[in-house]
Amino acid sequence: MDMDEKDVVETEEESFAELFEKSNSETQRLRPGSKVEGKILKIGAEWVFIDIGKKGEGVMERKELQDADGNLTVAEGDTITAWFTGSVRNEMRFTTKLGAGAAANAQLEEAHRSGIPVEGFVVKEIKGGFEVRLSGTTRAFCPFSQISLRRAENPAEFVGKHLLFKVTEYSERGRNIVLSHRQILEEEQRVRREALKEVLQEGMTVAGTVTRLADFGAFVDLGGVDGLIPVSEVGWTRVKHVRDVLSVGEQVSVVIKKIDWEAGKISLSLKDTLADPWTTVAEQFPEGSYHTGTVARLAAFGAFVTLAPGIDGLIHISKLGKGKRINHPSDVLKEGETVEVKVDGVDREARRLSLALAEVSRAAEEEEKSVASFRQQATSSSKESMGSFGDLLKAKIEEKR
């Protein structure tokens, strides 16, 4: 071997040593509680093998990735978030949560420091929150405000459930442990939110679940983020109370009207998924036709009358006094009253119907008919009179001849 070959070999050995040292140091930098993103390489009968990038490969128990029925919640090739718990027989062990057992109990302080989720059983409701059991015997406390994303309307529904928690406080050697399930939910919501940013667009029709009702509208879960249906977008009819139309837990299809990710606001419309009643208003309520409706509301300038769901017309105050001046429509009508009206005008583009009280319109029509009849009779009488005079004049002329 000449000097040049020897230099190449030494250089290669040095490079390999450097790479090995670098790889080894990266692995050593993993400390219990370190969070990693890993790709599932293989799912075995008991163990799942994950690729954690330059740091190498690790393993975790298969049961961690199964649901309550024992079904796998992931597949090979999926990426998961895991926490390093330590090395066992030169194998890097990872977890998605700390479960029961003495080993987990010993790691609770590390879970608090590193943010590793812990699995707990909600035992009962106590003052200010819930008693939760960790590792089978360790007692912990979860405040009411930390059990869900929103205020728990029915705290009893959480009792008897196994949930994941973050350890927010660990002191007195484990005698004082405070937990938060809300932080777990917020993290899951953040992940789903980021995924939905790539999917949701204005104008889309999507499915959702009504989560909360308020005077100003209804909140709908779109699969990780909430949107709001304003009361004006609940239906084509004027809605006074959202609860009259929607209920919590109801599945709905909505149109996304506006998205503002920075402000965290998504505006929705239920109305836009329903048929627009104004498309056939000219055929249903032609000008000059008579209909029965209900007085929906009174304003200073007139009375709104509902003729069909989503179809309101206006009787102007000038048409309510039967020829007399009135101060307010309430002098003549009251909300909820049934009235007969005549359609005086239809403007489908502007979504307006001009109405008049039927009795007033009929009286005007009768008066107009009477005037027309009188004029016709007068004209006929005049013609008859002129005819008689002509006959007499003709007779006189004949006589002179």
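Above this text you will find the structure in question.
Residues numbered from 1 in each chain as written. Predicted model: local features only at pLDDT ≥ 70, side-chain atom pairs only at ≥ 80, totals over all residues. Heavy atoms only, no water.

Colleague: Help me out: how do you make sense of the layout of surface pockets in this one?
Modeller: Using a probe with the size of a water molecule, rolled over the atoms, empty space left in the structure can be pinpointed. In this model, the largest pocket occupies a volume close to 730 Å³. Along the walls of the largest pocket sit 27 residues, with T81, W83, T96, L164 and E188 positioned nearest its centre. Residue assignment for the lining of the largest pocket shows that the elements contributing at least two residues are strand 1 (35-43), strand 4 (79-88), strand 9 (162-171) and helix 4 (182-197). Broken down by class, the residue content of the lining of the largest pocket amounts to 9 nonpolar, 6 polar and 12 charged. (1 Å grid on protein atoms, 1.4 Å probe; cavity = no way out; pocket = protein on both sides within 12 Å on 5 of 7 lines; lining within 4 Å. Points joined across faces, edges and corners; volume = space filled by probe spheres on them. Helix = DSSP H or I, 4+ residues; strand = E, 2+ residues; numbered from the N terminus. Nonpolar A, V, L, I, M, F, W, Y, C, P; charged D, E, K, R; others polar.)

Colleague: It is not clear to me how the pattern of salt bridges should be interpreted in this structure. Could you clarify?
Modeller: Should the charged atoms of two oppositely charged side chains come close, the side chains can pair. Enumeration over the complete set of coordinates arrives at 14 salt bridges. A salt bridge links D226 to R150; the shortest N-O distance between them is 2.0 Å. Placement of the pair is D226 in strand 13 (residues 226-230) and R150 in the loop between strand 8 (138-143) and strand 9, with a sequence separation of 76 residues. Here R150 falls in the partly exposed class, since its relative accessible area comes to 37%. Between K197 and E194 there is a salt bridge, with its nearest N and O atoms 3.5 Å apart. Residue K197 and its partner E194 are both found in helix 4; the two are separated by 3 residues, about one turn of the helix. The exposure class assigned to K197 is partly exposed, which follows from its relative accessible area of 32%. Through salt bridges with shared partners, one network takes in K124, E131, R133 and R139. (Salt bridge = Lys/Arg side-chain N within 4 Å of Asp/Glu carboxyl O. Buried < 20%, exposed > 50% of the residue type's maximum accessible area, 1.4 Å probe, protein only.)

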